[in-house]
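An overview of the molecular structure
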Amino acid sequence: MSTNSESHAGDRTADLGLNGSIGPDTFRLLALGCVLVMTASYVSVLREVTRVVGGTQSLFALVGAMIVVATVLAWTIRPRTAVVAALVAGAVGFGYYLEITGVDVAFSASDAILTDTITLVAGLPLLRMVEAGVWTLAFVPAPVFLSWYLAVRSRYALAVIPGGFALLFLVLTGDAGTTVTLLGTLAAVGAIGFGELERRGGSVAQADLLAVSFALIIVLSLSVTFVPDSSGSSAHLSGGDPTTLEGAIDYSSERSGIGGSVDLSPEVRFTVESERGAYWRTGVYDRFAGDEWVRTGDASAYDGSLQEPPGEYERIQQIVTAETNLGVLPAAGQPLAIEGDLAQHTEVSAHGQFHPTTSVIEGDSYAVESAIVDPSTTELRAAGTNYPRPILEGDYLQTPESTSSEFEERTAEITADADTPYDKAVAIEGHLRSTKGYSLEVDRPDGNVAEAFLLEMDEGYCVYFATAMTQMLRAEDVPARYVTGYTSGQQVDDDEYVVRGTDAHAWVEVYFPDHGWVAFEPTPPGPRDAAHSESVEQARSDGAENVDTDSSQDVPISDEESSDGNPDDPDTDEGESNDGDSDRDETDTETNGSNGTDTESGENESGSNGSDTDSSDDEAGSSEGDSGLWSTVVSLLSVSREAAAIGLIALVGALAGVHRTGATDRVRRTVGCYWQRRTDDPDRDTERAYRRLERVLAREYRPRERSESARSYLEALSSDPDRDVDQQVATVVDRYERALYGGGVSRSEADETIELVDDLARARLPIVGRR
């Protein structure tokens, strides 16, 4: 009866998995789930791309369709046929991508795909691709279909290969972060591990092997995140601190950040010899990601010529001299040509902006010829909306997929009385100038910065004004782009300008048919100029270095320094402005006159933005130091969290490896040879002391055979004249036999036995024993 009960209990234990086994079906479900998680890891990266450029619903629909098709075909076609089908699906997708991007498929498809692939794995983020949305839809079908097909057929090791390749590819492009990489890798290892457990009928005996594999693959997968990024580092080598305005604006050659509170750097960056002041442009960005701007398209080597504006324009010459190391090539308006030694180290973006391929060293000089577009108000109002195809097909009308209807409705209200694109631009520009204050002390909002600034924030700096205006124009179907650079700087002579870090700026360019790109200035100039000028004056009074050149040190900072380059100031003859003739002057003066008044009153009502900034600038040394320290602390904390996670994974893998190789038992036994914890049972302590002695003798001589008793083992060892088995060993054996078979031993005898074994073990301990 008892036997039957025990038998039934054992059966129930097996069913419940309490004896180390779980049903194979459970492990199959877990393996399939891991494949889905791995798929979700790289699909989530692609989703982030489509969130910016559109197409998320299409992406999810395509992924779902591939899973359904793979499930249906899993037991109807052979694996070789499935591989061919996946390749065909990928070829069709990329064929469509090449058609959209204008590549001649018949002659250039393979070269184009190869070029794109090499560029991407070298670190080009997907968001920089012109047709990033189409590329994601072309990329996703093959790995999703093939991974799920093989998983359904229980080929888990093979199933993770296409998905793992997809994830690895996105790691190399820089789009897949650490968290996604960890999750995807964990899922891939889990799929293989649970699949192995399914094959072995649910045995968990291989758990330590799986843990070792997991840790090894995780560490190796993370190593690919250190592949050099073609994006480069900070654009301004001397002003690249992300806590400064210029460092936040141009923190990389193809991205422009939108940060929180920033400081102003009063150090001189470059000087310009030019017949007129201008905004010195350094970067053009077309794709808005919600929290940053991205420059799409590939750059090409400068070949001596650039595309000219479509309409009339004026040519001006500038000679720019770097006063510190730079990563940009400032130029007025739309650059047409560059001369000097740096010309051979210059590339041109798809948007016609110069970029250096090497650092611009202090003292380097180059000459630039620029086109200054200066149409009148009448001409801009009459420009119409017959935009060229490249403008319409570019990202100049792009808004993030998640742009809210509230943002669009508010923009429509502001432009309700505007009949032309120009009138819409002026209405938006005037609204931002008159309703938003200027301040460098802001907290960056989460999500879409343009929406937050228009609908929620009361103040911000140039980055926020320019971002909001660009997106508002696009919501009204007016092509616009985000532009970074510097204002004209301090005019120290008739044709010489000194440009500092305080002059870093962002503004907006709007496209008008038959004219080209025209600059607009949504940031209120009064508060901005006051804050920036005060920063330079404070630095001068503090005796800071690199604040002046020989020609600027005796020239006072005036309120007029920035107006020379204001692209929308009716009182200036700025070349890239919208103030052409008297008709346009009257309109702009009328529009911006009230803006100036409103801005001043808004500034006072909001607590005097200028004075807030001044107070922070008065403490420039400590403020910038504290900000830099805080940034460093945050960076270290972030790195520490990742390092801790990786360290924990490595530790788990190491422990599992130790367990797998039996090293744990060996270490425990080795330590047990030289130390013993006493208990309340003297007989048991004596027995354990003898077992320790046996391990010591086994290491020095030979192990005791199963057929030998403790006494016969001792006699066998003592019979060999080459072996030094002293009387202490015999004493331990004698007390062991009494503890095990006789009347037992006393506490004092047990303690003495432990001490005897301690002495014997330590005498035979390597190195120590020899001493």
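This write-up is about the structure you can find in this document. (Residues numbered from 1 in each chain as written. Predicted model: local features only at pLDDT ≥ 70, side-chain atom pairs only at ≥ 80, totals over all residues. Heavy atoms only, no water.)

Notes on the nonpolar core
W280, Y461, L473 and F520 are the most contacted members of the largest nonpolar core, which has 80 residues in total. The leading source of residues in this core is helix α17 (residues 462-475), at 9 residues. If we skip the residues at most four places from it in the chain, L473 touches K424, A425, I428, V478, A480, V508 and V510. Among the nonpolar cores identified, the runner-up in size contains 55 residues, and V63, A70, A82 and A188 belong to it. (Core = buried A, V, L, I, M, F, W, Y, C linked by side-chain atoms within 4.5 Å. Buried < 20%, exposed > 50% of the residue type's maximum accessible area, 1.4 Å probe, protein only. Helix = DSSP H or I, 4+ residues; strand = E, 2+ residues; numbered from the N terminus. Contact = heavy atoms within 4.5 Å.)

Focus: the packing of aromatic side chains
Overall, the coordinates contain 23 aromatic pairs when judged by the stated rule. Considering the side-chain rings of Y285 and Y482, the 6.2 Å spacing of their centres and the 55 degrees angle between planes classify their relative orientation as tilted. In this pair, Y285 is assigned in strand β3 (residues 280-285) and Y482 in strand β15 (residues 480-486), connecting sequence segments 197 residues apart. When its relative accessible area of 1% is taken as the criterion, Y285 is described as buried. Centre to centre, the rings of Y511 and W517 are 5.1 Å apart; their planes meet at 75 degrees, and the pair counts as edge-to-face. No difference in accessibility class separates Y511 from W517, as the two residues are buried. Three or more aromatic residues link up through ring pairs in this structure, and these residues are W135, F139, F165 and F169. The ring centre of F453 lies 5.4 Å from the NZ or CZ of K436, which sits over that ring. Across the ring face of W517, the terminal group of R481 is positioned such that the distance to the ring centre comes to 4.1 Å. (Phe/Tyr/Trp six-rings, centres within 6.5 Å; stacked < 30°, edge-to-face > 60°. Lys NZ or Arg CZ within 6 Å of the ring centre and 35° of its normal.)

Some words on the side chain of S552
Structurally, the position occupied by S552 is in the loop between α18 (525-541) and α19 (582-605). Of note is the side chain of S552, whose polar atom sits 2.8 Å from the side chain of D548. Every residue in contact with S552, bar those within four places of it in the chain, is listed here: Q490, V492, V498, R500 and R540. (Polar contact = N/O pair within 3.5 Å; in protein donor to acceptor, adjacent residues only side chain to side chain.)

Some points on the pairing of strand β9 (residues 334-339)
The element β9 is extensively covered by neighbouring structure, given that 5 of its 6 residues are classed as buried. Judged from the 5 bridges that link them, β9 and strand β12 (residues 365-372) form a sheet pairing that is antiparallel. Residue P335 lies in a different strand from β12, and its bridge partner there is S370. (Pairing = 2+ DSSP bridges.)

Overview of the pairing of strand β7 (residues 314-322)
As paired elements, strand β2 (residues 268-274) and β7 share 5 bridges and run antiparallel to each other. By the bridge assignment, S274 is partnered in β7 with Q318. Where β7 meets β12, 8 bridges bridge the pair, whose relative direction is antiparallel. Its bridge partner being in β12, Q317 is matched across the sheet by E369.

Quick look at a negative patch on the surface
Among the surface-exposed residues, E273, D493, D494 and D495 lie close enough to one another that they form a single negatively charged patch. Here D495 shows up in the loop between β16 (490-493) and β17 (496-500). (Patch = residues over 30% accessible without salt bridge, like charges linked within 9 Å, V, L, I, M, F, W, Y side chains within 5 Å. Areas by Shrake-Rupley, 256 points an atom, 1.4 Å probe, with all protein chains shown as cover. Salt bridge = Lys/Arg side-chain N within 4 Å of Asp/Glu carboxyl O. Lys, Arg positive; Asp, Glu negative; His and termini not counted. Charge placed at Lys NZ, Arg CZ, Asp CG, Glu CD.)

Some points on the sheet that holds β12
Reading across from one edge, β9-β12-β7-β2-β17-β16 is the order of the 6 strands in this open sheet, with antiparallel pairing throughout. The sheet terminates laterally at β9 and β16, the two strands that pair on one side only. Across this sheet, the average inter-strand angle for adjacent strands is 30 degrees, counted without regard to direction. The pairing of β16 with β17 spans 3 bridges and is antiparallel. Across the sheet, Q491 pairs through a bridge with Y497, a residue of β17. (Axes fitted to C-alpha atoms, helices over the stretch in contact; angles between N-to-C directions.)

As for the pattern of salt bridges
Tallied over the full model, the rule gives 30 salt bridges. Note that R47 and E48 form a salt bridge whose closest N and O atoms lie 3.5 Å from each other. Residue R47 is classed as partly exposed on the basis of its relative accessible area of 27%. For E48, a relative accessible area of 39% gives the class partly exposed. Three or more residues are tied together by salt bridges with common partners; here these are R678, D685, R747 and D751.

What to know about the packing of helix α14 (residues 405-414) against α17
Two numbers describe how α14 lies on α17: the axes approach to 9 Å, and their chain directions differ by 85 degrees. Between α14 and α17, the angle is such that the two are roughly perpendicular. Of α17, the residues touching α14 (which contributes F407, E408, T411 and I414) are A468, Q471, M472 and A475. Grouping the constituent residues of the contact of α14 with α17 by class yields 5 nonpolar, 2 polar and 1 charged. (Parallel < 35°, antiparallel > 145°, perpendicular 65-115°, else oblique. Nonpolar A, V, L, I, M, F, W, Y, C, P; charged D, E, K, R; others polar.)

Re unusual backbone geometry
Of note, D477 is a non-glycine position whose phi angle comes to about 65 degrees, a positive value. Among the structural elements, D477 can be located in the loop between α17 and β15. Judged by its relative accessible area of 57%, D477 falls in the exposed class. Despite not being glycine, D514 has its phi angle at roughly 70 degrees, a positive value. Checked against the element boundaries, D514 lands in the loop between β18 (504-512) and β19 (516-520).

Side note on a nonpolar patch on the surface
A contiguous nonpolar patch, built from V84, V88 and V92 and spanning about 260 Å² of accessible area, is present on the exposed surface. Position of V84 relative to the elements: it lies in helix α4 (residues 79-100). On the accessibility criterion, V84 (46% relative accessible area) is partly exposed.

A short note on the environment of A412
Structurally, the position occupied by A412 is in helix α14. The spatial distance from the C-alpha of A412 to the C-alpha of E476 is 7.3 Å, given a sequence separation of 64 residues.

Quick notes on the packing of α14 against helix α15 (residues 421-435)
Between two packed helices, the angle of one axis relative to the other and the distance separating the axes together describe the packing. The contact between α14 and α15 brings their axes to 9 Å, and the two run at 105 degrees. Here α15 runs roughly perpendicular to α14, going by the angle between their axes. Mapping the contact onto sequence places R410, T411 and I414 in α14 and A427, I428 and H431 in α15. Residues that form the contact of α14 with α15 fall into these classes: 3 nonpolar, 2 polar and 1 charged.

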